[in-house]
Amino acid sequence: MQHYWFGDVDVEGCRIASRNPEDLARRVASLHTDMDSFEPIDWRTAQACGLVGDRGEYLRMLREVCTISARQKIAASYQGKDVELLQMVRMLDELDDVINLLHERAVEWYQVSTPSFSRKYRSLPARKMIGVIRKNSGGGLRRVADEIDRLAGLRSGLMREVSDRADEVLPNCSALIGGLVAARLASRAGGLEALAKMPGSTIQVLGSERALFSHLRSGSPSPKHGIIFQHRRVHNAPKEVRGRVARVLAGKLGIAARIDYYRGAADPEFIAGAQARIDEAGMME
Amino acid sequence: MIRIHNVLVSPGEGGVYGERMLDGYRVWDPYRSKLAALYTVGTGIELAPAMRVLYLGAANGTTVSHVADYVDTVYAVEFAPRPMQDLLEVARRRRNIVPIMADAGKPEEYAHFMEPVDLVYQDVAQPDQVSIAERNLPFLLPGGWLVLMLKTRSVDVRRDPEDVLAEARDALARRLEVVEVCWLDPYHLDHAAIVCRDRRCAEVK
């Protein structure tokens, strides 16, 4: 017997499952064809069954069922808790790039409009520098600086949201490396599910693809860390043990991602054990 | 294939992705579509009005829309949700496209929709491209065609593209008759087209 989208067919005849496209879409969701005994559909079978009058009608009905089924699958794939988090963290990283570019350009502009200005011997972080520009200039530059300041405010707000959302969606990963970096890892992996299926060694070098492929191709040194370098435990570690910290941390993250994906709740016992193991890796002999 | 002043075109309603129009025909750009590149640098196979096509890796429906201009029916298989949203919109306006959301490597997930087809066209970014094509051969009519757009970088970035192509061609030659093999540069780098024909005789109609 062949199970087709519109019904079951065997030598004795056919049985139409339904004439309602919604019902048929539900039916195809559970169909699984055995390819060894499969025979492709002859649309005339559907005609002989009395489902359709001609090929045009057959295609119309098939297209409707396929479209409904596809829309349901698309909706289901956007249901994951992590889907919006990924968009948020990508927007955040994009905002960072844009703010940096605009800031650099605004400082250049400010320097030509204020010949006596120099940044030497003054520690001026970006946000303060924009404040100086806003205070001392007018016209276009002033308005640009105002906008950059607003963007920076937007960025801080979004960063808090990303961090809070990550604590919720990736509780164990966030406990180990902070919500922001955890969200970036999930974003680079392509989602929490993908991250949960990755080995620790892949997580360790996520985000350093250029160095990794250069290593695989031409034998340059392999990267020790990618995105996880952003966490203080890795970049504050002494150089001699940084690779080891990165490796241990990545291994524990792989487990944390699996707990996040399959269980979805923080596991305090695991987190405490993992923290201790990572701290131990950071100690010099 | 229809060409106007040596420009490849297809007949149909325009405006799918902002393509240029030429004498009422849609210009089919070899830089945007690997199939158009094949028709530009090689021969490919003539798309005929009676053909039914299984298109694996339909993506946003750009090339699908051109193929649908030429043939009777296109079964368009795509896995990723975002491009699928675009493909559904293309299929809404072209009545001969059947949009199927499924993994091209798992034909058992969409076999229950399938008629036998004259052509299997495959353009998927997966490492096991040849085996995906083989798994879809049950849908092919005797004497039917397979056009495989081999993305050598997806198979293995570390290996020489020439080796990857040779291996794929040999693997396909075990099941099918390889008719044409060509690189698609300068339009698509490290991409090759492999045109195969089913060895069983076509039924006399």
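Being a predicted model, the structure only gives us computed values, none of them experimental.

Caption draft 1: Spatial organisation of the state of the cysteines. On inspection of all chains with the given rule, the structure shows 1 disulfide over all chains. Across a sulfur-sulfur distance of 1.6 Å, Cys-14 of chain A and Cys-49 of chain A are joined as a disulfide pair. Placement of the pair is Cys-14 of chain A in strand E3 (residues 13–16) and Cys-49 of chain A in the loop between helix H2 (43–48) and helix H3 (55–77), with a sequence separation of 35 residues. The exposure class of Cys-49 of chain A is buried, given its relative accessible area of 19%. No disulfide involves Cys-182 of chain B; its nearest neighbouring cysteine sulfur is the one of Cys-196 of chain B, lying 12 Å away. Judged by its relative accessible area of 14%, Cys-182 of chain B is buried. In this structure Cys-196 of chain B comes out as buried when scored by relative accessible area, which is 0%.

Caption draft 2: Representation of the confidence of the model for chain B in the model. For chain B, the mean per-residue pLDDT works out to 94, and 98% of the residues sit at or above 70. This prediction of the complex comes with two scores: 0.81 for pTM and 0.93 for ipTM.

Caption draft 3: Here's a closer look at the packing of H3 of chain A against helix H3 (residues 81–93) of chain B. Across the interface, H3 of chain A lies against H3 of chain B with an axial gap of 10 Å and an inter-helix angle of 155 degrees. Between H3 of chain A and H3 of chain B, the angle is such that the two are roughly antiparallel. Crossing handedness for the pair H3 of chain A and H3 of chain B: left-handed. Taking contact as the criterion, the partners of Arg-63, Thr-67, Ala-70, Arg-71, Ile-74 and Ser-77 of chain A in H3 of chain A are, on H3 of chain B, Pro-81, Met-84, Gln-85, Leu-88, Ala-91 and Arg-92 of chain B. The class makeup of the residues in the contact of H3 of chain A with H3 of chain B is 6 nonpolar, 3 polar and 3 charged.

Caption draft 4: Fine view of the interface of chain A and chain B. Residue-level contacts link 30 residues of chain A with 33 residues of chain B. With both chains or domains summed, chain A and chain B bury close to 2,700 Å², and 63% of this area falls on carbon and sulfur atoms. Contact with chain B buries area across many residues of chain A, yet Met-35, Arg-55 and Arg-63 of chain A alone supply 22% of it, more than any other trio. Between Glu-115 of chain B and Arg-55 of chain A there is a salt bridge whose closest N-O contact spans 2.7 Å. Linking chain A with chain B are 12 residue pairs in polar contact (both at pLDDT 80 or more). When contributions to the side of chain A that touches chain B are tallied by element, the ones reaching two or more residues are H3 and helix H11 (209–218) of chain A. For the side of chain A that touches chain B, the leading source of residues is H3 of chain A, giving 13 residues.

Caption draft 5: Representation of the nonpolar core within the structure. Residues Trp-5 and Tyr-58 of chain A together with Tyr-75 and Ile-100 of chain B are the most contacted members of the largest nonpolar core, which totals 55 residues. The element best represented in this core is H3 of chain A, accounting for 7 residues. Look past the residues within four positions of Ile-100 of chain B in its chain and what remains in contact with it is Cys-66 of chain A together with Tyr-75, Ala-76, Val-77, Glu-78, Met-84, Tyr-110, Phe-113 and Met-114 of chain B. Counting 46 residues, the second largest nonpolar core, distinct from the first, contains Leu-85, Val-162, Ile-228 and Ala-256 of chain A.

Caption draft 6: Up close: helix H14 (residues 268–281) of chain A. All names here are of chain A. Between its terminal C-alpha atoms H14 stretches 20 Å, which fits the 20 Å expected from 14 residues at 1.5 Å a residue. Those residues of H14 that sit buried are Phe-270, Ile-271, Ala-274, Ile-278 and Ala-281. The arc that holds every buried residue of H14, seen down its axis, measures 95 degrees, which confines them to one face. Exposed and oriented more than 90 degrees from the buried face of H14 are Pro-268 and Glu-269.

Caption draft 7: Seen up close, the sheet that holds E3 of chain A. Residues and elements named next belong to chain A. Strand order in this open sheet of 3 strands is E1-E2-E3, and the pairing throughout is antiparallel. Pairing within the sheet leaves two strands with one partner each, and these edge strands are strand E1 (2–3) and E3. In terms of strand pairing, strand E2 (residues 7–10) meets E3 through 4 bridges, oriented antiparallel. Counterpart to Asp-8 in the pairing with E3 is Arg-15.

Caption draft 8: Just the domain arrangement of chain A, in detail. Domain boundaries in chain A define domain 1 (2–77), domain 2 (81–169) and domain 3 (171–285). One C-alpha centre belongs to domain 1 of chain A, the other to domain 3 of chain A; they are set 46 Å apart.

Caption draft 9: Spotlight on the pattern of salt bridges. Residue and element names in this part refer to chain B. Summed over the entire model, instances satisfying the criterion amount to 33 salt bridges over all chains. Salt-bridge contacts for Asp-69 lead to Arg-26; the nearest nitrogen and oxygen are separated by 2.5 Å. Remark: Arg-26 occurs in strand E4 (residues 25–27) and Asp-69 occurs in helix H2 (residues 62–70); sequence separation between them is 43 residues. Residues Asp-69 and Arg-26 agree in their burial class; the two are buried.

Each value, and the rule that gives it
- Residues numbered from 1 in each chain as written.
- Chains lettered and ligands numbered in written order.
- Predicted model: local features only at pLDDT ≥ 70, side-chain atom pairs only at ≥ 80, totals over all residues.
- Heavy atoms only, no water.
- Disulfide = S-S within 2.5 Å.
- Helix = DSSP H or I, 4+ residues; strand = E, 2+ residues; numbered from the N terminus.
- Buried < 20%, exposed > 50% of the residue type's maximum accessible area, 1.4 Å probe, protein only.
- pLDDT = per-residue confidence, 0-100.
- Axes fitted to C-alpha atoms, helices over the stretch in contact; angles between N-to-C directions.
- Parallel < 35°, antiparallel > 145°, perpendicular 65-115°, else oblique.
- Left-handed = near helix turned anticlockwise from the far one by under 90°.
- Contact = heavy atoms within 4.5 Å.
- Nonpolar A, V, L, I, M, F, W, Y, C, P; charged D, E, K, R; others polar.
- Buried area = accessible area lost by both parts, 1.4 Å probe.
- Salt bridge = Lys/Arg side-chain N within 4 Å of Asp/Glu carboxyl O.
- Polar contact = N/O pair within 3.5 Å; in protein donor to acceptor, adjacent residues only side chain to side chain.
- Core = buried A, V, L, I, M, F, W, Y, C linked by side-chain atoms within 4.5 Å.
- Expected span 1.5 Å × (residues − 1).
- Arc of directions from axis to C-beta.
- Pairing = 2+ DSSP bridges.
- Domains from an automatic or database assignment.

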